[in-house]
Protein chains: 2
Amino acid sequence: MDIAFLLYDNMTSLDFIGPYQVLGLLPKVRLHLAAVEAGPIRTDLGVKLHADKRLEEVTRADIVVVPGSPDPSKTMADPRVQAWLRALDATSTWTTSVCTGSLILGAAGLLQGKRATTHWIAMDALRTFGATPVAERVVFDGKTVSAAGVSAGIDMALALAGKAVGPMVAQCIQLGIEYDPEPPYNAGSLKVAPPEVIEASRAMLSSVMPG
Amino acid sequence: MDIAFLLYDNMTSLDFIGPYQVLGLLPKVRLHLAAVEAGPIRTDLGVKLHADKRLEEVTRADIVVVPGSPDPSKTMADPRVQAWLRALDATSTWTTSVCTGSLILGAAGLLQGKRATTHWIAMDALRTFGATPVAERVVFDGKTVSAAGVSAGIDMALALAGKAVGPMVAQCIQLGIEYDPEPPYNAGSLKVAPPEVIEASRAMLSSVMPG
């Protein structure tokens, strides 16, 4: 199985590494880390990840994963990224996004008429691309799969693993990464976070998030 | 606040990126990615991360984070790593590990007489270093903090964020990374996974894990 990850400057590292650490444990998998230019990619908090391949070197994949960014606008507007995503989507089994990665799929025209999710701060922006925003953690619409903000990519990847190779392997991966979450607070979504946390987060994020 | 992460060859990327994505959002934080040699570090599934600094360049930190690896034995045995961890621990506020990172702390002599955790497959190995294994997701013993396997570093980092700067900021970070987990299976720990999943995982992991 071939899995392609889009890497780009200012992306959020956990959006990528979450699904990578899950899907990378699938049997007989080939992982392709593709960017407009191969080489070091600076993520939003600074750590540099290495893209192995230029986009042109990855011409098909069973699963495509597009991570998000506090500001994905430059990547959304890049015609090389748009063309690459459209080309891969034409033959992929699953085309997926984490966080504001869905806005990049949307900008490539791949969310037209679809249900999708993204980071809560960017939810309304999905409408721009003809998508119906859904406030769920992981949203499947046919072959298009989107996850909510940042950490939701782990849940999405486990669900995908189950669909791709069955629940036995997916559960082994879950136990392998010991994913039995115990968040110390109950503040991880708009549904459960205290109002003052939502207000403070919104103020903080509005200065960095697009649209 | 200064936070130092130990990077090394064959480390597990999510062990590092989980806490990095949480602690990196603390206010006024300086993140130090340190390795024996600065430059690209190849993680267990292949993606290369970039270490900014040599160990000698980081002489103190408020929080030290040691990620794990399917086989941390080389790093455990490295006297430069051991000396660096002992030196930083002497003045740190928190010395922490994720997954088998605790075995690296143990090899440096930093778990003697302490309660600690690690990946479930490596739990018994903690005794070698004079530690008492505790099958909990995050274990605090004084300034020494350890997390269970891989994904547990996210929970640990949120708990640390709360202790370091208070629950308001920690909850904002949790909402920022939308950490409201919904694993598609209930298989993430020995306590909850079906027996056949545990058996299959143990067989798979025993071939790669130390001890």
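Only a predicted model underlies this, so the values are computations on that prediction, with no experimental measurement involved. (Residues numbered from 1 in each chain as written. Chains lettered and ligands numbered in written order. Predicted model: local features only at pLDDT ≥ 70, side-chain atom pairs only at ≥ 80, totals over all residues.)

J.: So what's going on with the overall build of chain A? Which residues, and what values?
T.: Per the secondary structure count, chain A includes 7 helices and 11 strands. Here chain A has a C-alpha radius of gyration of 16 Å; the compact-globule value for 211 residues is 17 Å, and the two agree. For chain A, the spread of C-alpha atoms along the three principal axes comes to 45 × 40 × 35 Å. (Helix = DSSP H or I, 4+ residues; strand = E, 2+ residues; numbered from the N terminus. Rg over C-alpha atoms; globule rule 2.2 N^0.38 Å.)

J.: Lay out the interface of chain B and chain A in plain terms, naming residues and giving numbers.
T.: Listed per partner, the contact involves 57 residues of chain B and 57 residues of chain A. For the side of chain B that touches chain A, the secondary-structure elements that each account for two or more residues are helix H1 (13–23), strand S2 (30–35), strand S4 (48–51), helix H5 (152–165), helix H6 (167–176) and helix H7 (195–206) of chain B. Take the side of chain B that touches chain A: its biggest share by element is 8 residues, from H6(B). By residue class, the composition of the side of chain B that touches chain A is 35 nonpolar, 16 polar and 6 charged. (Contact = placed C-beta atoms within 7 Å. Nonpolar A, V, L, I, M, F, W, Y, C, P; charged D, E, K, R; others polar.)

J.: Tell me about the relation of the copies chain B and chain A, and name the residues and values.
T.: Least-squares fitting of chain B to chain A yields an RMSD of 0.0 Å, with the transformation described by 0.0 Å of translation along the axis and a rotation of 180°. Both copies are brought into coincidence by an operation consistent with a two-fold rotation axis. Closest approach to the rotation axis within chain B is made by the C-alpha atom of Leu49(B), at a distance of 2.4 Å. The overlap is high: 100% of the interface residues of chain B also sit at the interface in chain A, so the same surface is used on both sides. (Least-squares fit on C-alpha atoms with pLDDT ≥ 70 in both.)

J.: Quick one: what's the story with the packing of helix H7 (residues 195–206) of chain A against H6(B), residue by residue and with numbers?
T.: Packing of H7(A) against H6(B) brings their axes to within 9 Å, and their N-to-C directions diverge by 65°. For H7(A) against H6(B), the interelement crossing comes out right-handed. When H7(A) is examined against H6(B), the residues Val197(A), Ile198(A), Ala200(A), Ser201(A), Met204(A) and Leu205(A) are found in contact with a partner set consisting of Met168(B), Gln171(B), Cys172(B), Leu175(B) and Gly176(B). Partitioned by chemical class, the residues of the contact of H7(A) with H6(B) number 8 nonpolar, 3 polar and no charged. (Axes fitted to C-alpha atoms, helices over the stretch in contact; angles between N-to-C directions. Left-handed = near helix turned anticlockwise from the far one by under 90°.)

J.: Explain the pairing of strand S1 (residues 2–6) of chain A to me, using residue names and the numbers behind them.
T.: Residues and elements named next belong to chain A. Judged by how many residues are buried, S1 sits mostly within the fold: 4 of 5 residues are covered. Both S1 and strand S2 (residues 30–35) contribute to a ladder of 5 bridges, which runs parallel. Counted as the bridge partner of Ile3 is Leu31 from S2. Handedness of the crossover joining S1 and S2 through helix H1 (residues 13–23) is recorded here as right-handed. Relative to strand S6 (residues 63–66), S1 runs parallel, the two sharing 3 bridges. Across the sheet, residue Ala4 finds its bridge partner in S6, namely Val64. (Buried ≥ 20, exposed ≤ 12 C-beta atoms within 10 Å, placed from the backbone. Pairing = 2+ DSSP bridges. Right-handed = clockwise from strand over helix to strand, strands pointing away.)

J.: Residues and numbers for the environment of Val36(A), please.
T.: All names here are of chain A. In this fold, Val36 is placed in the loop between S2 and strand S3 (39–42). Taking the number of C-beta atoms within 10 Å as the measure of exposure, Val36 has 18 and is therefore partly exposed. With sequence-adjacent residues up to four places away left out, Val36 is seen in contact with Leu55, Asp78, Arg80 and Val81.

J.: Tell me about the sheet that holds strand S10 (residues 138–141) of chain A, residues and numbers included.
T.: If you trace the 7 strands from one edge of the open sheet to the other, you get S5-S2-S1-S6-S7-S11-S10 (chain A), paired in mixed fashion. Both edges of this open sheet fall to strand S5 (53–54) and S10 of chain A, since each of them pairs with a single strand only.

J.: If you had to explain the nonpolar core to someone new, which residues and values would you point to?
T.: Ranked by internal contacts, the top residues of the largest apolar core, which has 154 residues, are Phe5(A), Leu7(A), Ala34(A), Phe5(B), Leu7(B) and Ala34(B). Setting aside residues up to four positions removed in sequence, Leu7(A) forms contacts with Phe16(A), Leu33(A), Ala34(A), Ala35(A), Ile41(A), Leu49(A) and Ala51(A). (Core = buried A, V, L, I, M, F, W, Y, C linked by C-beta atoms within 7 Å.)

J.: Could you give an account of the sheet that holds strand S6 (residues 63–66) of chain B, with specific residues and numbers?
T.: Hydrogen bonds between backbone groups are what pair the strands of a sheet, and the pairing can be parallel or antiparallel. Taken in spatial order, the 7 strands of this open sheet run S5-S2-S1-S6-S7-S11-S10 (chain B), and their pairing is mixed. Both outer strands of the open sheet, strand S5 (53–54) and strand S10 (138–141) of chain B, are each paired with one neighbouring strand and no more.

J.: Can you explain the pairing of S10(B)? Please cite residues and give values.
T.: Residues and elements named next belong to chain B. Across 4 bridges, S10 lies against strand S11 (residues 144–147) in antiparallel orientation. By the bridge assignment for S11, Asp141 is matched with Thr144. In sequence, S10 turns back onto S11 through a hairpin of 2 residues, with Gly142 there showing a positive phi of about 60°.

J.: Describe helix H5 (residues 152–165) of chain A, and please don't skip the residues or the numbers.
T.: The end-to-end C-alpha separation of H5(A) is 20 Å, in line with the 20 Å expected for 14 residues at 1.5 Å each. Check the buried side of H5(A) and you find it contacts H1, S6, strand S7 (94–98), S10, strand S11 (144–147) and helix H6 (167–176) of chain A. (Expected span 1.5 Å × (residues − 1).)

J.: Please provide a residue-by-residue account of unusual backbone geometry, values included.
T.: The phi dihedral of Cys99(A) falls on the positive side, at around 55°, and the residue is not glycine. With respect to the helices and strands, the residue Cys99(A) is situated in the loop between S7 and helix H4 (101–107).

Read these as geometric descriptors, not functional statements.
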